[in-house]
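# Observations on the model geometry
Here are the chains, one letter per residue:
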Amino acid sequence: STAIAMKDAISHGVTTVFDHHISGYTENALTDMAEVFDAYGVSGTLAFEISDRNGKEFFQKSLDENVRFAKAQKGKSVQGMIGLHASFTLSDESLQKIADASENFPIHVHVAEGEIDGVQCMEKYGKGLIERFDSFGLVRNNSLYIHCSNLTEKDVEILKKRDIFIAQAVDSNMNNGLNVGNISKFISEGIKTTVGTDGMHPSTMKALKNSNILTKYLNKNCDLGYPEMNALFLNNYKLKKAFGLPLGIVEGETADIAIFDYEPTTPFNTDQFLGHFIFGITESRCQYVIKNNEILLDDYHVTKDLYKDLFERSWEISEAM
């Protein structure tokens, strides 16, 4: 799965991946994935989903894997976060165990993806979702709160005062028939907001464009979009910098550059860049990727031919699963 994701990411010009993983085995699972990241030259963060859904033993193994990996990967190109599934699948006892064991590592968690998450939290604990996480010290610097589609005003107030990121996942939410958070509101409140895919596809470009279109729809205002897109675009860089990962576009750094085959037919300059980006570049193909002084994508072709045996047996492997 990781090898497939890496090839797809590189093909779409994505060189940094923040992933929230769940599988049937836990021991060294994140290290196994990080080896594939490293082999392809992709950076990012990994987290293993912690939940009460699979019993106490699996909960503890999941927690242990997150903490082990996060400690081992400090300062590396693939780092660890603490992966929580969601509020409604974690008891107070479990949240306290996570808080006690996970030092101050950033959290990666789904929040208010569906309305039931917030409704259950208020009915059971008398608190909003972010308020509940905060009561356990789990609203930490550089944490990722995914979706945030049904937050209370108090939840938003807490997030405004913290150095965190919201990641919207428009395609996934719409696919599941769920609400989509109002990125225009989050951004106007000063919350660092960006977009992800939640595994729907490997294209950051598609996610950015769809978020732009949907924010117009949600707010019934076709004049929105450019400030929001600019913020989403720049917050991707801020998220990368928050984990000490080089941007790759600054003099003196090793490269981290994707080149798309968009050829503008109207004036292309700073003032008009976002228009070209939203309606042109996001619809073009990635042609070259250069990272850490390696060419990862050369004229549309991934240069590293790795894990041949796994790719040849992919149907067989998936049927066995």
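A few points on the structure. (Residues numbered from 1 in each chain as written. Predicted model: local features only at pLDDT ≥ 70, side-chain atom pairs only at ≥ 80, totals over all residues. Heavy atoms only, no water.)

We now examine the sheet that holds strand β7 (residues 165–168). For sheets, the rule is that strands pair by backbone hydrogen bonds, running either parallel or antiparallel. Across the sheet, 5 strands lie side by side as β4-β5-β6-β7-β8; this open sheet has parallel pairing. Of all strands in the sheet, those with a lone pairing partner are β4 (82–84) and β8 (192–195), marking the two edges. Each neighbouring strand pair of the sheet contributes to a mean axis angle of 25°, computed without reference to strand direction. As judged from the 4 bridges shared by strand β5 (residues 107–111) and strand β6 (residues 144–147), these two strands associate in the parallel manner. In the strand pairing of β6, H110 is matched with I146. (Pairing = 2+ DSSP bridges. Helix = DSSP H or I, 4+ residues; strand = E, 2+ residues; numbered from the N terminus. Axes fitted to C-alpha atoms, helices over the stretch in contact; angles between N-to-C directions.)

Turning to the packing of aromatic side chains, a few remarks are in order. Inspection of the entire model under this criterion finds 8 aromatic pairs. Consider the rings of F233 and Y237, whose centres lie 6.1 Å apart with planes at 85°: the pair is edge-to-face. In this pair, F233 and Y237 both sit in helix α11 (residues 226–242), 4 residues apart, roughly one turn of the helix. Cluster of aromatic residues (ring-pair linked, three or more members): F233, Y237, F268, F273 and F277. Over the ring of F311 we find K7, and its NZ or CZ is 4.7 Å from the ring centre. For R132, the ring lying beneath its charged end belongs to Y125, and the centroid distance is 3.8 Å. (Phe/Tyr/Trp six-rings, centres within 6.5 Å; stacked < 30°, edge-to-face > 60°. Lys NZ or Arg CZ within 6 Å of the ring centre and 35° of its normal.)

There is a patch of nonpolar side chains on the surface, built from I249, V250, I257 and I259 and spanning about 310 Å² of accessible area. Looking at where I259 falls in the secondary structure, it is placed in strand β9 (residues 256–260). (Patch = residues over 30% accessible without salt bridge, like charges linked within 9 Å, V, L, I, M, F, W, Y side chains within 5 Å. Areas by Shrake-Rupley, 256 points an atom, 1.4 Å probe, with all protein chains shown as cover. Salt bridge = Lys/Arg side-chain N within 4 Å of Asp/Glu carboxyl O.)

What follows concerns the sheet that holds strand β10 (residues 286–291). The strand order across the open sheet built from 4 strands is β9-β10-β11-β12, with neighbouring strands paired in antiparallel fashion. A strand with exactly one partner marks an edge of an open sheet, and here the two such strands are β9 and β12 (301–302). Of the pairings in the sheet, the one linking β10 to strand β11 (residues 294–298) comprises 4 bridges and is antiparallel in character. Looking at the pairing, I290 lines up with I295 of β11.

Turning to the side chain of H108, a few remarks are in order. Residue position: H108 is located in strand β5. Sequence-distant contacts of H108, that is, excluding residues within four places in its chain, are made with F18, D19, H20, A47, M81, I82, G83, L84, L144 and I146. (Contact = heavy atoms within 4.5 Å.)

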